[in-house]
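Here is what each chain is made of, one letter per residue.
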Amino acid sequence: MATEQRLAPGHAGDAPDALGAGAQRAAARRTGWSALRPLVRRLHFYAGVLIAPFLLVTAVTGLLYAGAFQAEKVVYAHELSVPAGAHTMPLSRQVAAARKAHPEGKVAAVRPAPEPGDTTRVLLAGVPGVSAEHQLAVFVDPHTGSIRGALPTYGATGALPLRTWLDDLHRNLHLGENGRLYSELAASWLWVVAGGGLALWIGRKRTNRKLRALTLPDRTATGRRRTLSWHGAVGVWAAVGLFFLSATGLTWSTYAGGNIDELRRALGQATPTVSTAVAQDHAHHGGSGGMAGMPYMPGMNGKKGGASGGSASADVGIDKVLGAARAKGLSDPVEIDLPTGKGTAYVVKQVQRSWPEKQDAVAVDPGTGRVTDVSRFADHPVLAKLTRYGIDLHTGTLFGIVNQLALAALALALIFLILWGYRMWWQRRPTRGRALSFGRPVPRGTWRQVPLPLLIPLALVVVAVGWAVPLLGISLAAFLAVDIVLGVLARRQAPAPAPVGD
């Protein structure tokens, strides 16, 4: 964010690379922010130059994703909406209609139409031509049973192809698991760059206590100072949002996210789930077969059994399962996950990710229709709730269109901060001697200006954070190694001092 140099590339200091003896003695007397400021400037500069490209890609793809929800409603309007009718067909008949049109694969879950004018989604797994990570959603008119279409869908939010494509672009650039390293690297550094820039900007303005100097650009400034003014003011406004995006982005990253999950489990703050185990005596009746070894389910997987009729001892049917969940207070929207094998239950879970969140879930015995386990979102641990809120806010679902507009504004702010940072780097370049050059980096040796009582605990904190956020630690170590090598080479190439005469 804002800094005396910028979010991205930095502004070079005027001090020489090597501190003289007098400067070292002066540095030894420094305490607090005056001692840390040169080090923060140097870190901010290099993070800006080297990490800003990753942040820029993340911001651009995030901006595109923020608009995906509204675009999805327009692009897939035929599949998502129908004229509201006076009567709704039993859910089992809707599933049977979907299976008649699409007998391929197996029914994995069903999302009944949540509101008048919406379609029911029957989710099929193992469909040829659909990847294992995705399901085929068959859209059924709940009033007539007609099929409105079928589209691949992904994730708990039921993302359709357009949003799925943009989600993958933002998350991994369509490069698979290895591509996720780019977004985790960006999230790992975003809070560092934002925090360092904010500290530098506030420290730079400490002589001017007026709030306006911190939060509004100086319209009278020109050149690099004008760019810095816009960079700093916008950075102040965006700082909290950027911290939030960094923290929530890390919660489901590969490495830092794994450490966060382990910490939550150790603290007893993991997200609870309902138990799907049921008494085995119900699974013995009505034969075997069907989907993944579960009882036969007519109209679902093309076999005979109990989901839409047949032996009640085999399966009470999806209509009674939904009724049992309703009796426990699970209102729309819900998803009904079918049993995954013998001795397992249906799971009916609320899937509303907008405020107020509906995340209750129940397990229903397929042989008796009895609720065997209940999970209430109100009873979830605090960190589990905060994680849920954070992810949904990050993905733009918690507050709907307002949430998505806020994310778009943050993405635009980050894009401009980075561009302003590079512009300041260019504006600071030397203009004599060479036609093409860049701004000078902050000089080496800034860590020597930090007193040992402050440097030692700071180093320990950096090590701890680097362990908890591995890509931050690894990349920071790589920066230091490269910087040390460049420093050694620079000293070797420096001209030897002229001999002093007698």
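To be clear, the structure that these remarks concern was listed above.
Residues numbered from 1 in each chain as written. Predicted model: local features only at pLDDT ≥ 70, side-chain atom pairs only at ≥ 80, totals over all residues. Heavy atoms only, no water.

Colleague: Explain the packing of helix 7 (residues 180–204) against helix 9 (residues 223–251) to me, using residue names and the numbers behind them.
Modeller: Here helix 7 crosses helix 9 at 145°, and the two axes come no closer than 8 Å. The way helix 7 lies across helix 9 gives a crossing that is left-handed. Facing helix 7, whose interface residues are Glu-184, Ala-187, Ser-188, Leu-190, Trp-191, Ala-194, Gly-195, Leu-198, Trp-201 and Arg-204, helix 9 presents Leu-228, Ser-229, Gly-232, Ala-233, Val-236, Ala-239, Leu-242, Phe-243, Leu-245, Ser-246, Gly-249 and Leu-250. Looking at the contact of helix 7 with helix 9, its residues break down into 14 nonpolar, six polar and two charged. (Axes fitted to C-alpha atoms, helices over the stretch in contact; angles between N-to-C directions. Helix = DSSP H or I, 4+ residues; strand = E, 2+ residues; numbered from the N terminus. Left-handed = near helix turned anticlockwise from the far one by under 90°. Contact = heavy atoms within 4.5 Å. Nonpolar A, V, L, I, M, F, W, Y, C, P; charged D, E, K, R; others polar.)

Colleague: Any details on the side chain of Gln-94? Residues and values, ideally.
Modeller: Residue placement: Gln-94 occurs in helix 5 (residues 91–101). The contact partners of Gln-94, leaving out residues within four places of it in the chain, are Thr-88, Met-89, Thr-120, Val-122, Val-140 and Pro-142.

Colleague: Before we move on, could you go through the sheet that holds strand 7 (residues 361–364) and cite the residues and values that matter?
Modeller: The strands that make up a sheet are held in pairs by hydrogen bonds between backbone atoms, and each pair lies either parallel or antiparallel. Within the open sheet, the eight strands sit side by side as 4-3-2-1-5-6-7-8. Their pairing is antiparallel. Pairing within the sheet leaves two strands with one partner each, and these edge strands are strand 4 (147–153) and strand 8 (371–375). In this sheet, neighbouring strand axes are inclined to one another by 20° on average, regardless of whether the strands run parallel or antiparallel. With two bridges connecting them, strand 1 (residues 106–111) and strand 5 (residues 334–337) associate as antiparallel partners. If you follow Ala-109 over to strand 5, its bridge partner there is Asp-337. Along the sheet, helix 12 (residues 318–327) makes contact with strand 1, strand 5, strand 6 (346–350), strand 7 and strand 8, crossing strand 5 at roughly 130°. (Pairing = 2+ DSSP bridges.)

Colleague: Pulling in residues and values, what's your account of the pattern of salt bridges?
Modeller: The tally for this structure, following the rule as stated, stands at twelve salt bridges. Linking Glu-177 and Arg-180 is a salt bridge whose minimum nitrogen-to-oxygen distance equals 3.5 Å. Classification of Glu-177 as exposed rests on a relative accessible area of 54%. Here Arg-180 falls in the buried class, since its relative accessible area comes to 16%. Ionic pairing is found between Arg-326 and Asp-332, a salt bridge with its closest N-O pair at 2.7 Å. Since its relative accessible area comes to 23%, Asp-332 is described here as partly exposed. (Salt bridge = Lys/Arg side-chain N within 4 Å of Asp/Glu carboxyl O. Buried < 20%, exposed > 50% of the residue type's maximum accessible area, 1.4 Å probe, protein only.)

Colleague: Now, about the packing of helix 2 (residues 32–66) against helix 6 (residues 161–172): what can you tell me, with residues and values included?
Modeller: When two helices pack together, you describe them by how their axes are tilted relative to each other and by the distance separating the axes. Where helix 2 contacts helix 6, the two axes come as close as 9 Å, and the packing angle between them is 165°. Relative to helix 6, helix 2 is oriented roughly antiparallel. Taken as a pair, helix 2 and helix 6 cross one another with a handedness that is left-handed. Contacts from Thr-58, Thr-61, Gly-62, Leu-64 and Tyr-65 of helix 2 reach helix 6 at Arg-163, Leu-166, Asp-167, Leu-169 and His-170. Counted by class, the contact of helix 2 with helix 6 contains four nonpolar, four polar and two charged residues. (Parallel < 35°, antiparallel > 145°, perpendicular 65-115°, else oblique.)

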